[in-house]
Amino acid sequence: MVFGMASLGARMRAALGPLGRPLFGTRTLKHGDFGGTSRCSSSCLRDAGVYSGALDGYMGKETSAALKRYQRAMHLRADAVVGPRTLSAIVRRDAVPIRTQPSP
């Protein structure tokens, strides 16, 4: 079973240490991207009720369509890109931890 970081509580993320602090927010996500940050984004979209696909870490066609639905619901430009404004909306809505300083 795969869990997105947005689904984990704050105590669980703290117990996981560095593994509980995803690098979500360190890069712009767009169609075709792959990785943990994409999986976290998919999990947030699922939590928002706009995505029911796999949490496989791939920003495919279904994930991009869900992201556009989410952006429209948040009154953002529906471009299927997790840029600064979409990231801010996700962070505010789901309290997703993001890196605020560059890693050493």
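Residues numbered from 1 in each chain as written. Predicted model: local features only at pLDDT ≥ 70, side-chain atom pairs only at ≥ 80, totals over all residues. Heavy atoms only, no water.

Trainee: Describe the overall build of the chain, with residues and values.
Mentor: Counting its regular elements, the chain contains four helices and zero strands. In the chain, the order of α-helices and β-strands from amino to carboxyl end is α-α-α-α. Sorting the 104 residues of the chain into buried and exposed places 40% on the buried side. Put simply, the chain shows about 6,300 Å² of open surface, and 56% of that area lies on carbon and sulfur atoms. (Helix = DSSP H or I, 4+ residues; strand = E, 2+ residues; numbered from the N terminus. Buried < 20%, exposed > 50% of the residue type's maximum accessible area, 1.4 Å probe, protein only. Areas by Shrake-Rupley, 256 points an atom, 1.4 Å probe, with all protein chains shown as cover.)

Trainee: Lay out the environment of Tyr70 in plain terms, naming residues and giving numbers.
Mentor: Within the element layout of this structure, Tyr70 appears in helix α3 (residues 61-73). The spacing of Tyr70 and Cys44 is 26 residues in sequence and 9.8 Å in space, taken between C-alpha atoms. Residues within four places of Tyr70 in sequence aside, it is in contact with Leu45, Ala48, Val50, Ala89, Ile90 and Arg93. (Contact = heavy atoms within 4.5 Å.)

Trainee: Tell me about the nonpolar core, and please be specific about residues and values.
Mentor: Across soluble globular proteins, you tend to see nonpolar side chains buried next to one another. Ranked by size, the top nonpolar core spans 16 residues in total, and within it Leu45, Tyr70, Val82 and Ile90 carry the most contacts. Elements with a minimum of two residues in this core: α2 (36-47), α3 and α4 (84-94). Apart from the residues lying within four places of it in its own chain, the contact partners of Leu45 are Val50, Tyr51, Thr63, Ala66, Leu67 and Tyr70. (Core = buried A, V, L, I, M, F, W, Y, C linked by side-chain atoms within 4.5 Å.)

Trainee: Before we move on, can you summarise the side chain of Asp33 with the specific residues and values?
Mentor: By the secondary structure assignment, Asp33 is in the loop between α1 (10-16) and α2. Residue class for Asp33 comes out buried when judged on its relative accessible area of 11%. A polar contact of 2.9 Å, which involves the side chain of Asp33, links it to the backbone nitrogen of Lys30. Setting aside residues no more than four positions away along its own chain, Asp33 makes contact with Arg27, Thr28, Ser38, Gly57, Tyr58 and Met59. (Polar contact = N/O pair within 3.5 Å; in protein donor to acceptor, adjacent residues only side chain to side chain.)

Trainee: An account of the confidence of the model for the chain is needed here, citing residue identities and associated values.
Mentor: Taken residue by residue, the chain gives an average pLDDT of 78. The fraction at 70 or more is 68%. Model confidence for the chain, summarised as mean pLDDT per element, is weakest for α1 at 67 and strongest for α3 at 95. (pLDDT = per-residue confidence, 0-100.)

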